[in-house]
Number of protein chains: 2
Amino acid sequence: MTIQAIVFDAYGTLFDVYSIRELGEKLFPGAGQALAELWRDKQIEYTHLRSMSSMYKPFWEITQDALIFSCKKLGLRLNLDAQSALMGQYARLQAFPENLSVLQELSTRGFKLAVLSNGNPQMLQSAVDAANMQGIFTHLLSVDLVKKFKTAPEAYQMAPDTFGLPAKNILFVSSNCWDACCASWFGYTTFWVNRHAAPLEELGVRPHGEGRSLVDVLEFVDSKRNT
Amino acid sequence: MTIQAIVFDAYGTLFDVYSIRELGEKLFPGAGQALAELWRDKQIEYTHLRSMSSMYKPFWEITQDALIFSCKKLGLRLNLDAQSALMGQYARLQAFPENLSVLQELSTRGFKLAVLSNGNPQMLQSAVDAANMQGIFTHLLSVDLVKKFKTAPEAYQMAPDTFGLPAKNILFVSSNCWDACCASWFGYTTFWVNRHAAPLEELGVRPHGEGRSLVDVLEFVDSKRNT
């Protein structure tokens, strides 16, 4: 099998959302961890519900909706200052430290690189700029184009369409196990960046490769070249 | 607006899943609450992922998958005895104490009553039998028929098709806010049995009515009759 292009999920995979937890803890002492977890869970839940009900709205707005709900649920008083500060973090997330050099190495080896994310174009551009990743990716593919969030097939279909390649010749890389698993179902070759040593989701499907950081993608790609 | 039929969600709405938490606590002291919450969240997440990826499998199996994942995630050793005991609870959940009399009263008033649930037919029949609700419902509508879980429109469409009524003339009752909200999007008149005084989901839509127990459905139906 020949991998010709590599597509990356954005949030959690390229961009570290840890700073959200830190700021949450600063704003709501003792509740930062709970807020970060519930916020993330609600954000993804709302993408599912809106995709299934065909009620798309941009990820930026969903992220804000999820923040507002999470604070209500946890009994945290979210004033506009705190809301703006937390949302602002999403626009300037840091990349994981190993990412830039891994992406440059993959680019040097001749792979076409793209992002495929739930994030709307403005969010993605902002994050890529903040991480000094301009020029690395040939495409920033946002589900905003198809108005369905991952894991809808319409979302995953964007990369094969963009590159003119079968999904199995594209490596899909995500730190979200559900994303990597459903991308496997879709037909991609997949790699799970399991940064927190989480158990595999019980979906009856598994990513083709697994590692602890983006560095491990290099070895996986090598192994695929030799088979 | 005239309500002619009333459709009920099953798990959490008609049947009390509290016993799951109790048994979880007995099997895994100190972790019952965490297990019950994660198990439920994963169960619903897997219905979303499988619906979006068109990888349907029966709710019973998904419930078991979610249990296995949740125990791994929480570091709980789930042997087959514990697994069977926890799954067995799902087959014989108790109904909330007020439910049977409310359902009988609604039936007496001439409403057609049905269940519309993610549960597969065998699970639903087992729960209805255990709750002595035989003969109350004209239909036990399982998403197993359409192979998409709620909140897919194919799932919600079953009740209008069954009753030959527009969705707005059917009252959809759920204790899950997301379910009531998405049913509102679909077109039903909706009632949220908000048993735990949870905040409204931030989906930009709200159920038409809200109460603390199934008893409050009676008043809501009365109010609709008078408008």
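Below is a summary of the structure that appears in this document. Remember, it's a predicted structure, so these values are computed and weren't measured experimentally.

A word on the pairing of strand β4 (residues 112-117) of chain B
Residue and element names in this part refer to chain B. The element β4 is largely enclosed, with a buried count of 5 among its 6 residues. Here 4 bridges tie strand β1 (residues 5-8) to β4, and the two strands are oriented parallel to one another. For Ile6, the partnering residue across the bridge sits in β4 and is Leu113. Across 4 bridges, β4 lies against strand β5 (residues 139-142) in parallel orientation. Paired with Leu116 across the bridge in β5 is Leu141. Between the parallel elements β4 and β5, the chain passes through helix α6 (residues 121-130) in a crossover that is right-handed.

Observations concerning the layout of surface pockets
Space inside the second largest pocket adds up to approximately 190 Å³. Taken together, 13 residues make up the lining of the second largest pocket; nearest its centre are Met52 and Lys148 of chain A together with Ser51, Met52 and Lys148 of chain B. Among the elements of the structure, α2 (32-52) and α7 (153-156) of chain A together with α2 (32-52) and α7 (153-156) of chain B are those that each provide at least two residues to the lining of the second largest pocket. Partitioning the lining of the second largest pocket into residue classes produces 6 nonpolar, 3 polar and 4 charged.

Considering the sheet that holds strand β7 (residues 189-193) of chain B
Residues and elements named next belong to chain B. Strand order in the open sheet made by the 6 strands is β5-β4-β1-β6-β7-β8, with parallel pairing throughout. Strand pairing shows two members of the sheet lacking a second neighbour, β5 and β8 (209-211), which therefore form its edges. Within this sheet the neighbouring strands show an average axis-to-axis angle of 20 degrees, counted without direction. Direction of pairing for β7 relative to β8: parallel, over a ladder of 3 bridges. Looking across to β8, one finds that Val193 is bridged to Gly211. Here α6 sits on the sheet in contact with β4 and β5, set at roughly 145 degrees to β5. Sheet strands in contact with helix α9 (residues 177-186) are β6 (170-174) and β7, and its direction is about 170 degrees off that of β7.

Cut-offs and rules
- Residues numbered from 1 in each chain as written.
- Chains lettered and ligands numbered in written order.
- Predicted model: local features only at pLDDT ≥ 70, side-chain atom pairs only at ≥ 80, totals over all residues.
- Heavy atoms only, no water.
- Buried < 20%, exposed > 50% of the residue type's maximum accessible area, 1.4 Å probe, protein only.
- Helix = DSSP H or I, 4+ residues; strand = E, 2+ residues; numbered from the N terminus.
- Pairing = 2+ DSSP bridges.
- Right-handed = clockwise from strand over helix to strand, strands pointing away.
- 1 Å grid on protein atoms, 1.4 Å probe; cavity = no way out; pocket = protein on both sides within 12 Å on 5 of 7 lines; lining within 4 Å.
- Points joined across faces, edges and corners; volume = space filled by probe spheres on them.
- Nonpolar A, V, L, I, M, F, W, Y, C, P; charged D, E, K, R; others polar.
- Axes fitted to C-alpha atoms, helices over the stretch in contact; angles between N-to-C directions.
- Contact = heavy atoms within 4.5 Å.

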